[in-house]
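# Descriptive structure summary
Listed below are the residues making up each chain.
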Amino acid sequence: MKYVKIKAKDFNSALMELKMKYGEDAIPISHKKVKEGGFLNTTLFAKEIVELTAAIHEKGLKPKIAATTPEKSARIDVRVDNDVTKALLSSHDDEDRHSFADDLRKAQSSVYGANGRKASDFAIADLTSARKPSSASSSGDVVLTKEEYQSLKKIERSFNDVQDKLEKLQTSHDSDRKNLSAGIEEDEMFKPLAEILRSNDYDYVQRCDMLTTVRDSLSREDMRDRTRIEKSLRELVKSRIVVTGPIHSSSRRKVVMFVGPTGVGKTTSMAKLGAIFSLREGRSVAFITIDTYRIAATEQLKKYADIMKIPVHVVGDQKDFKAIMEKEKADIILVDTSGRSHRNTLKISEIKSYAEQVDCDFEKILCIAATTKKHDVESIFKAFDRVGVSSVMITKTDETSYLGNVIDIADKYNKPISYIANGQEVPNDIMVADSGKIADMMIVGTSD
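Quick caveat: nothing in here was measured; it's all calculated off a predicted structure.

### A few points about the overall build of the protein chain
- Scanning the protein chain from N- to C-terminus turns up 16 helices and 14 strands.
- Of the accessible surface of the protein chain, which amounts to about 23,500 Å², a share of 49% is contributed by carbon and sulfur atoms.

In structure tokens form, the structure reads like this:
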């Protein structure tokens, strides 16, 4: 009696193939669903097929075509892992089926490589020495003797037992860590920090994760020092803040476009930077506004420009915008856009079309008020991301004590912070973003 495994897309197809190859005397024993063809022998992108195990009489096999030299007895390190189990029990090379031992080695190395961590050793010398090649193996099926089949089932049961234990240990470990993290907010030493993170709009999972990271970074002695705990949280927050430094001119003209929702202070922020570049740094500056919807904003910008002796251009369409961009020779051109709701995708696309007319050193700064709700901040980032935002300016920091709502979403979208605006006074109430100062503003709760 021999045992054969046949793989097909479903049970009926496997049964039909069995009968066609080995006749009506073939006896189906069991079948199961397996995954095959996954990326790097894993379940990723793998297809689900049916593997049918059947018993056939020796006479049911076709005559052998060629004999091969039996492999010498060997011991193989079998590593215990879900992927390994699947690879060992369901993955077989189509071109080389000389021995089941070879299949084990290939599956083992495909998952872990030649030097993996050993979990247990299984002696399969009896499998390799007892195995005899046949034409059935060359046809794509795996033919096993009774002894091989029994040994395989024994190995499979051993794998399943070890996997069950590992899964229970992992579940227990995750549960313990979750419970440990969940209770960290109640620790007297961490309660004040948990409240700071809550005020910065970090959700429960984020707070527990950050506080756990802080705790794990401290020694037992440091855990008794609240100042050191706070310092560790500050360093963690600082590490998550990316800044750009000030806007620098280059050999080409520099164009900076300010985008964002209505009422966040784009026009005032642009006037502040224009004053810094022109009056303090002595660079030639020009203003362009495409905000023709708000007359007051245009008049405000004209007053600032008149005081600073900076030319200002008001454009109504893309043709005018392109013409002024070609004509204006200033070193730095600052472009003010009309405030747009993040829900108005059509108007945001209009701003994008203006930006596409620029062919020089170009930055687009997204202005967001620190007082914006975190949910709305994320919606704003998502909407204006289509414009190709270069950096973020946080405005109105004088109206709130915490910035985590903007910092967290900027980190999520991989957008650096360029400037912080903290008042209405031109040009004083603006500063280049500094990760340490921002972290202090978040932890200490002040924008001074």
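Alright, that's what it looks like, and here's the rest.
### A closer look at the packing of helix α7 (residues 191–199) against helix α8 (residues 204–217)
- Following both chains from N to C, one finds α7 and α8 inclined at 140°, their axes separated by 10 Å at the closest point. One finds that α7 runs oblique with respect to α8. Crossing angle aside, the handedness with which α7 passes α8 is right-handed. Packed against α7, whose contacting residues are L193, A194, L197 and R198, the element α8 presents R207, M210 and L211 at the interface.
- For the contact of α7 with α8, the class distribution of residues is 5 nonpolar, no polar and 2 charged.

### Some thoughts on the pairing of strand β3 (residues 47–56)
- The element β3 is extensively covered by neighbouring structure, given that 8 of its 10 residues are classed as buried.
- Bridging between strand β1 (residues 2–8) and β3 involves 7 bridges; their strand directions are antiparallel. Residue pairing across strands places K5 opposite T53, the latter belonging to β3.
- Two elements, strand β2 (residues 27–36) and β3, share 9 bridges in a ladder whose sense is antiparallel. Looking at the pairing, E36 lines up with K47 of β3.

### A few points about the environment of S390
- Positionally, S390 belongs in the loop between α14 (374–384) and β12 (391–395).
- A relative accessible area of 29% means that S390 is categorised as partly exposed.
- Sequence spacing of S390 and N414 is 24 residues, and the spatial spacing of their C-alpha atoms is 9.9 Å.
- Residue contacts for S390: discarding those within four places in its chain leaves F362, E363, K364 and P416.

### Quick word on the packing of aromatic side chains
- Enumeration over the complete set of coordinates arrives at 2 aromatic pairs.
- Their ring planes at 80° and their centres at 5.5 Å tell us that F321 and Y354 sit as a pair that is edge-to-face. With F321 in helix α12 (residues 318–327) and Y354 in helix α13 (residues 345–355), the pair connects residues that are 33 residues apart, well separated along the chain. With respect to class, F321 is no different from Y354; both count as buried.
- Ring geometry for F381 against Y413: centres 5.6 Å apart, planes inclined by 35°, an arrangement best described as tilted. On the criterion of sequence distance, the pair formed by F381 in helix α14 and Y413 in the loop between α15 (404–412) and β13 (417–421) is long-range, its members being 32 residues apart.
- Assessed through its relative accessible area of 2%, F381 is described here as buried.
- Judged by its relative accessible area of 21%, Y413 is partly exposed.

### Digging into a nonpolar patch on the surface
- A contiguous nonpolar patch, built from V162, L166 and L169 and spanning about 260 Å² of accessible area, is present on the exposed surface.
- Residue V162 is classed as partly exposed on the basis of its relative accessible area, which comes to 32%.

### Quick word on the pattern of salt bridges
- Applying the stated criterion across every chain, the model contains 15 salt bridges.
- Between D440 and R234 there is a salt bridge, and its shortest N-O distance comes to 2.5 Å. One end of the pair, D440, is in helix α16 (residues 435–444); the other, R234, is in helix α9 (residues 226–239), and 206 residues separate them in sequence.
- The exposure class of D440 is partly exposed, given its relative accessible area of 30%.
- The salt bridge partner of K254 is E363, with a shortest N-O separation of 2.7 Å. Note that K254 is positioned in strand β7 (residues 254–259) and E363 in strand β11 (residues 361–369), a separation of 109 residues in sequence.

### Quick look at the packing of α14 against α15
- Across the interface, α14 lies against α15 with an axial gap of 9 Å and an inter-helix angle of 35°. Read as a crossing pair, α14 and α15 show a hand that is right-handed. On α15, the residues that touch K374, V377, E378 and F381 of α14 are N405, V406, D408, I409, A410 and K412.
- Residues that form the contact of α14 with α15 fall into these classes: 5 nonpolar, 1 polar and 4 charged.

### Re the sheet that holds strand β9 (residues 312–314)
- One open sheet accounts for 8 strands, arranged β9-β8-β10-β7-β11-β12-β13-β14; its pairing is mixed. The strands lining the two open edges of the sheet, one partner per strand, are β9 and β14 (430–432). Strand-to-strand twist in this sheet, taken as the mean axis angle between neighbours without regard to direction, amounts to 20°.
- Looking at chain direction, β12 and β13 are connected through 3 bridges and run parallel. Each residue of the ladder has a partner; that of M393, found in β13, is Y419.
- In this fold α13 packs onto β7 and β11, with an angle of close to 175° to the strand it touches most, β7.

### Here we look at unusual backbone geometry
- Of the consecutive residues V426 and P427, the connecting peptide bond is found in the cis state with omega at 5°.
- Here P427 lies in the loop between β13 and β14.
- The phi angle at K396 is positive, at roughly 60°, despite the residue not being glycine.
- You can see K396 is positioned in the loop between β12 and α15.
- Owing to a relative accessible area of 22%, K396 belongs among the partly exposed residues under this scheme.

Parameters at a glance
- Residues numbered from 1 in each chain as written.
- Predicted model: local features only at pLDDT ≥ 70, side-chain atom pairs only at ≥ 80, totals over all residues.
- Heavy atoms only, no water.
- Helix = DSSP H or I, 4+ residues; strand = E, 2+ residues; numbered from the N terminus.
- Areas by Shrake-Rupley, 256 points an atom, 1.4 Å probe, with all protein chains shown as cover.
- Axes fitted to C-alpha atoms, helices over the stretch in contact; angles between N-to-C directions.
- Parallel < 35°, antiparallel > 145°, perpendicular 65-115°, else oblique.
- Left-handed = near helix turned anticlockwise from the far one by under 90°.
- Contact = heavy atoms within 4.5 Å.
- Nonpolar A, V, L, I, M, F, W, Y, C, P; charged D, E, K, R; others polar.
- Buried < 20%, exposed > 50% of the residue type's maximum accessible area, 1.4 Å probe, protein only.
- Pairing = 2+ DSSP bridges.
- Phe/Tyr/Trp six-rings, centres within 6.5 Å; stacked < 30°, edge-to-face > 60°.
- Patch = residues over 30% accessible without salt bridge, like charges linked within 9 Å, V, L, I, M, F, W, Y side chains within 5 Å.
- Salt bridge = Lys/Arg side-chain N within 4 Å of Asp/Glu carboxyl O.

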